[in-house]
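# Summary of structural features
As a plain string of letters, each chain reads:
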Amino acid sequence: MSSSSLLLSSNCCLVTKNGFRRFRPNQLDKSSVFMSSISVGCRIADVDDYKPTNAFLFPGQGAQAVGMGAEAQKVPAAAELYKRANEIMGFDLLDVCISGPKEKLDSTVLSQPAIYVTSLAAVEILRAREGGQQIIDSVDVACGLSLGEYTALAFAGAFSFDDGLKLVKLRGEAMQDAADAAKSAMVSIIGLDSDKVQKLCDAANEEVDEANKVQIANFLCPGNYAVSGGVKGIEAVEAKAKSFKARMTVRLAVAGAFHTSFMNPAVSRLEATLGATEIRTPRIPVISNVDAQPHADPDTIKKILASQVTSPVQWETTIKTLLTKGLKKSYELGPGKVIAGIVKRMDRGAEIENIGA
């Protein structure tokens, strides 16, 4: 970091011209960088000029798999996260991660906390390997797919591990309750560009009432978009997909129509919990799912997280922007390799490494 890019410094961080904190190496406990409770006053400035080099990417719901977390037990700092999670959750989350059953782990109220903890455990697995701390220190941008945005913010020091888990626990419960309140679903459309998927949604919406309308909920990557909405609307999408030349449709194993107005009941609960949570300026840019931009202001981050459950996920734009801005290497931390597949689809030459737990 050049001296010209510094605006000010504190006892524990440097503040770059884009408003994000960069911790000085060796001044924090390296075993718990993302769990640091150090509070500093950092200047909020323009955040659009970030220059990504190395990125941490965190998975979202759907990445879970029975057996995850087993590898983490070999690393004390990673294993400790599960112990703390068990205390916060009030039951043995690790046992569900390792032993299942699958149906239990796949539930929204469990999969979200399980993925959050396992992804941050993967950070500790990386930290424990030779050269791992140097990789972590080199990361200058983070993002996560839907739920993964919370993981990215925890890694970036916006909130503590404990506070993040409490938020994710509430988020999963609120989204499950919202899904239970109305019959809704999600389906992946494979093989069409976003314009064609939008036309498919429009055609389906002509055949259903307002309560069953559908919309694009996840802009994942070219040729892979998820549609959310009422069950009858989703069924209409599936019935019409082939006539729009879609290669295939895949009904998603989720509780309901995430990232649409069907999740409105969850917003007020999230707002209340976020309002009571201490959120700090991230030490590195964390890209929002809502607008594919980083935000440094804690109050803005709270608003973004509350609106995220009803807003389409702009993952395609996020990755495209990172690649355009010169991203050299990224790491997918946590269960599964979905994100690596998306990144490779967008740029076959992109360098990405998976760190599982």
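The following refers to the structure shown. (Residues numbered from 1 in each chain as written. Predicted model: local features only at pLDDT ≥ 70, side-chain atom pairs only at ≥ 80, totals over all residues. Heavy atoms only, no water.)

Looking now at the overall build of the chain. If you tally the helices and strands in the chain, you get 13 helices and 12 strands. Taken across its 357 residues, the chain has 56% of its residues classed as buried. A sequence separation of at least 24 residues applies to 75% of the contacts in the chain between residues at least 6 apart. Total accessible area on the chain stands at roughly 14400 Å², and carbon and sulfur atoms take up 49% of it. (Helix = DSSP H or I, 4+ residues; strand = E, 2+ residues; numbered from the N terminus. Buried < 20%, exposed > 50% of the residue type's maximum accessible area, 1.4 Å probe, protein only. Contact = heavy atoms within 4.5 Å. Areas by Shrake-Rupley, 256 points an atom, 1.4 Å probe, with all protein chains shown as cover.)

We now examine the packing of aromatic side chains. Within the structure shown, the criterion is met by six aromatic pairs. Ring plane angle 75° and centroid distance 5.8 Å describe the contact between Phe-56 and Tyr-331, whose orientation is recorded as edge-to-face. In this pair, Phe-56 is assigned in strand β4 (residues 54-58) and Tyr-331 in strand β11 (residues 329-333), connecting sequence segments 275 residues apart. Neither residue differs from the other here; Phe-56 and Tyr-331 are each classed as buried. Through successive ring pairs, a cluster of aromatic residues spans Phe-56, Phe-58, Phe-155 and Tyr-331. (Phe/Tyr/Trp six-rings, centres within 6.5 Å; stacked < 30°, edge-to-face > 60°.)

Take the environment of Glu-103 next. One can find Glu-103 in helix α3 (residues 102-105). Along the backbone, Glu-103 and Val-66 are 37 residues apart, and their C-alpha atoms lie at a distance of 9.7 Å.

Residue position: Thr-151 is located in helix α6 (residues 148-155). Excluding residues that lie within four positions of it along the chain, Thr-151 makes contacts with Phe-58, Tyr-116, Ser-119 and Leu-120.

Further remarks concern the sheet that holds β11. Picture the strands of a sheet paired through backbone hydrogen bonds; they go either parallel or antiparallel. Judged by pairing direction, the sheet is parallel, and its five strands sit side by side in the order β10-β5-β4-β11-β12 without closing on themselves. Only two strands of the sheet have a single neighbouring strand rather than two, namely β10 (286-287) and β12 (351-355). Pairing between strand β5 (residues 141-144) and β10: two bridges, direction parallel. Looking at β10, one finds that Ala-142 is bridged to Val-286. Taken strand by strand, α6 contacts β4, β5 and β10, and its axis lies near 150° from that of β5. (Pairing = 2+ DSSP bridges. Axes fitted to C-alpha atoms, helices over the stretch in contact; angles between N-to-C directions.)

Quick look at the pairing of strand β8 (residues 224-230) now. A large share of β8 lies buried, amounting to seven of its seven residues. As judged from the seven bridges shared by strand β6 (residues 184-190) and β8, these two strands associate in the antiparallel manner. Residue pairing for β8: Val-187 is matched across the bridge by Val-227. Of the pairings in the sheet, the one linking strand β7 (residues 214-221) to β8 comprises six bridges and is antiparallel in character. Bridging across to β8, Val-214 finds its partner in Gly-229.

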